[in-house]
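Understanding the architecture of this molecule
The residues making up each chain are set out below.
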Amino acid sequence: MQEVINYIENNQQNYIEELKEFLKIPSISTSIENKSEVNRCADFVASKLKDAGMSHVEIFKTEGHPLVYGEWLGAPGKPTVLIYGHYDVQPADPIELWDSPPFEPVIKDGKIFARGATDDKGQVFMHIKSVEAFFKVEGSLPLNVKFIIEGEEEIGSENLEPFIIQHLELLKCDAVLISDTALYEEGIPTLTYGLRGLSYMEVEVTGPQRDLHSGTFGGAVGNPINVLAEMIAKLHDKNGRITIPHFYDDVLTLTKKEKDNFKRLKFSEKKFAKELGVAELTGEKGFSSLERTWVRPTLDCNGITGGFTGQGAKTVIASKALAKISMRLVPNQDPVKVAKEFEKYIKKIAPKTVKVTVKNLHGAYPVLIPLTDHSTIAATKAMEKAFGKKMVFIREGGSVPIVTTFVKKLKAPTVLMGLGLNSENLHSPNEHFNLNHFRLGIISSAYFLKEYSL
Ligand code: BES
Ligand code: MN
Ligand code: MN
């Protein structure tokens, strides 16, 4: 095993050069113009899996972006690990806020800067390289490994779910290993056991049948932008609670034990506020920031458009206004049920002066993973060895939509062994990945494959 680790340590420079090639591909899944780049990225991943030593690699076309599958099943009698990740990335805009171009990776202060560096290309690449190190040094893996790397995570994994249901035998495994979350803090080995779910909605408000002169007509018709803003404001009460009826019905309350565990993490609200550049934090009354982001459901407007937003002034009442509103969900909320209640409530609070349409764009179920499976124990040992520190166990506010499908359909325990940091600007300008964590992630992955095979 030590030789595998030495090999990994000695090849860092090569790994970084290869990762740069991966990061240069603008695989933005939501952008239709980038379709061929997304395909090229799938080809890149497939070729890296082949080079790493996987015996069978296949690109599966879907109605959306392709899925990359790889397997090596040369360890009969040993368990099988399915490694999941995503090669798609978020759009790079606002591009003018990047210090260097998003698809021209640069290294500064031990970090690699590029869109997708931490979410999730850098983290996917760790596992490809750990597998490769085993093949180079030992000629085989200590257990069976399958990879499924998708290109639609950032748009809700819509085509992966049916693929899994249709390929239960192909994807059959004893555990799923995912690195698409964050460490609690720099240098601290972390296992995530909870993710929030999501319900993503679009609300369109239509007023007059055409744009109007705001002097001639202003004051006499419902202004869709004013109305939409008022409706959004009504979605929270003064205590920061969401006002949608039945919204909290299925929310699990935090146990005393978990509350105490959170306290032991010694989270600094002050440091958190400072890092975000805000004078004061806010949220649902009676909860800490960790509780607000990990175990409480929330609602946020993600974007709003309508009317005139160009340079200078234009006196107009727009015919339409549109808002993207998402809700982060916690166990045991159901995104389908929440979306229905949301639509009902929005329609109820809409004045008769406008027409309102509501669309449910996508959803994800919240996840809570019991920490008792052998895979969790193996991951703990692996990360503790790699980092030389004690593991901490956390929940996370973000979502990885497909995890529920792994748990429900493949009936496989899932390990969330993320190596990112929430301060690494994922989904925002100047995304980066700490290269020491990249190295420790490859080592953790290698130790995990070994530990889980025993
Ligand atoms: N890797 C993230 C989820 C994440 C973010 C985990 C931060 C841990 C810390 C993932 O790629 C992501 O962005 N998920 C989306 C899902 C959505 C687009 C369906 C999210 O959470 O917004
Ligand atoms: Mn991700
Ligand atoms: Mn993401």
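Worth saying up front: this structure is predicted, and the values here are computed from it rather than measured.

1. Some thoughts on the site of ligand 1
Around ligand 1, a shell composed of 16 residues is seen, among which E153, D180, R328, S399 and H427 lie nearest. At 3.2 Å from an oxygen atom of ligand 1 is found a side-chain nitrogen or oxygen belonging to H86. Within the side chain of D119, a nitrogen or oxygen atom sits 3.0 Å from an oxygen atom of ligand 1. When its residues are assigned to classes, the shell around ligand 1 shows 3 nonpolar, 7 polar and 6 charged. Residue assignment places the shell around ligand 1 across two domains, with domain 1 (2-195 + 366-453) and domain 2 (198-251 + 297-363) each supplying three or more.

2. Here we look at the coordination of the manganese ion (ligand 3)
Looking at the metal site, the manganese ion (ligand 3) is ligated by D119 (OD), E154 (OE), E154 (OE) and H427 (NE2), spaced 2.1 to 2.5 Å from it. For the manganese ion (ligand 3), the 6 donor atoms are set out with angles of 57 to 155° between them, so the coordination reads as irregular. Sequence spacing of the donors to the manganese ion (ligand 3): D-x34-E-x272-H. The metal-metal distance between the manganese ion (ligand 3) and the manganese ion (ligand 2) is 3.6 Å, with D119 coordinating both. Taken together, the residues D119 in helix α4 (residues 117-138) and H427 in the loop between β17 (414-416) and β18 (432-434) connect sequence positions 308 residues apart.

3. Let's talk about empty space enclosed by the protein
Counted according to the given criterion, the structure contains 2 cavities of 30 Å³ or more. The calculated volume of the largest cavity comes to roughly 80 Å³. Taken together, I244, H246, F247, D250, Q333, D334, K337, V338 and E341 form the lining of the largest cavity. Here the lining of the largest cavity is built from residues that sort into 3 nonpolar, 2 polar and 4 charged. Taken as a whole, the second largest cavity holds about 30 Å³ of empty space. Lining the second largest cavity, in full, are T62, H65, P66, L67, E150, G151, E152, N159 and L160.

4. Quick word on the sheet that holds strand β9 (residues 197-206)
Pairing in this open sheet of 4 strands is antiparallel, and the strands run β11-β13-β9-β14 from one edge to the other. The sheet is open, and its two edges are formed by β11 (298-306) and β14 (355-364), each paired on a single side. On average, each strand axis in the sheet is inclined to that of its neighbour by 15°, with strand direction left out of account. Strand direction decides the pairing type here: β9 and β14, joined by 9 bridges, are antiparallel. The residue bridging V205 from the neighbouring strand is V356, located in β14. Packing against the sheet, helix α7 (residues 224-233) makes contact with β9, β11, β13 (320-329) and β14, and its axis sits at approximately 15° to β13.

5. Focus on the coordination of the manganese ion (ligand 2)
Taken together, H86 (NE2), D119 (OD), D180 (OD) and D180 (OD) make up the full set of protein donors to the manganese ion (ligand 2), lying 2.0 to 2.5 Å away. Considering all 6 donor atoms around the manganese ion (ligand 2), angles at the metal cover 56 to 167° and the coordination shape is irregular. Along the chain, the residues donating to the manganese ion (ligand 2) are arranged with the sequence spacing H-x32-D-x60-D.

6. Topic: the domain arrangement of the protein
As assigned here, the protein comprises domain 1 (2-195 + 366-453) and domain 2 (198-251 + 297-363). Of the roughly 600 Å² buried between domain 1 and domain 2, counting both surfaces, carbon and sulfur atoms make up 56%. Contact with domain 2 buries surface across domain 1, with G156, P366 and S399 losing the most and accounting together for 56% of the total. Linking domain 1 with domain 2 are 0 salt bridges. Remark: the boundary between domain 1 and domain 2 carries 1 residue pair in polar contact (both at pLDDT 80 or more). Grouping the constituent residues of the side of domain 1 that touches domain 2 by class yields 4 nonpolar, 4 polar and 2 charged.

7. Focus on the pairing of strand β8 (residues 190-195)
Of all 6 residues in β8, 6 are buried; the element is thus mostly enclosed. For β8 and strand β16 (residues 392-396), the ladder comprises 5 bridges, and the chain directions are parallel. The residue of β16 that forms the bridge with T190 is V392. Alignment of β8 against strand β15 (residues 367-368), held across 2 bridges, turns out to be antiparallel. For G194, the partnering residue across the bridge sits in β15 and is L368.

Here is what the cut-offs are and how they apply
- Residues numbered from 1 in each chain as written.
- Chains lettered and ligands numbered in written order.
- Predicted model: local features only at pLDDT ≥ 70, side-chain atom pairs only at ≥ 80, totals over all residues.
- Heavy atoms only, no water.
- Near = heavy atom within 4 Å.
- Polar contact = N/O pair within 3.5 Å; in protein donor to acceptor, adjacent residues only side chain to side chain.
- Nonpolar A, V, L, I, M, F, W, Y, C, P; charged D, E, K, R; others polar.
- Domains from an automatic or database assignment.
- Donors = N, O, S within 2.8 Å, 3.2 Å for Na, K, Ca; no water.
- Tetrahedral: all angles 85-135°; square planar, octahedral: opposite > 155°, others 65-115°.
- Helix = DSSP H or I, 4+ residues; strand = E, 2+ residues; numbered from the N terminus.
- 1 Å grid on protein atoms, 1.4 Å probe; cavity = no way out; pocket = protein on both sides within 12 Å on 5 of 7 lines; lining within 4 Å.
- Points joined across faces, edges and corners; volume = space filled by probe spheres on them.
- Pairing = 2+ DSSP bridges.
- Axes fitted to C-alpha atoms, helices over the stretch in contact; angles between N-to-C directions.
- Contact = heavy atoms within 4.5 Å.
- Buried area = accessible area lost by both parts, 1.4 Å probe.
- Salt bridge = Lys/Arg side-chain N within 4 Å of Asp/Glu carboxyl O.
- Buried < 20%, exposed > 50% of the residue type's maximum accessible area, 1.4 Å probe, protein only.

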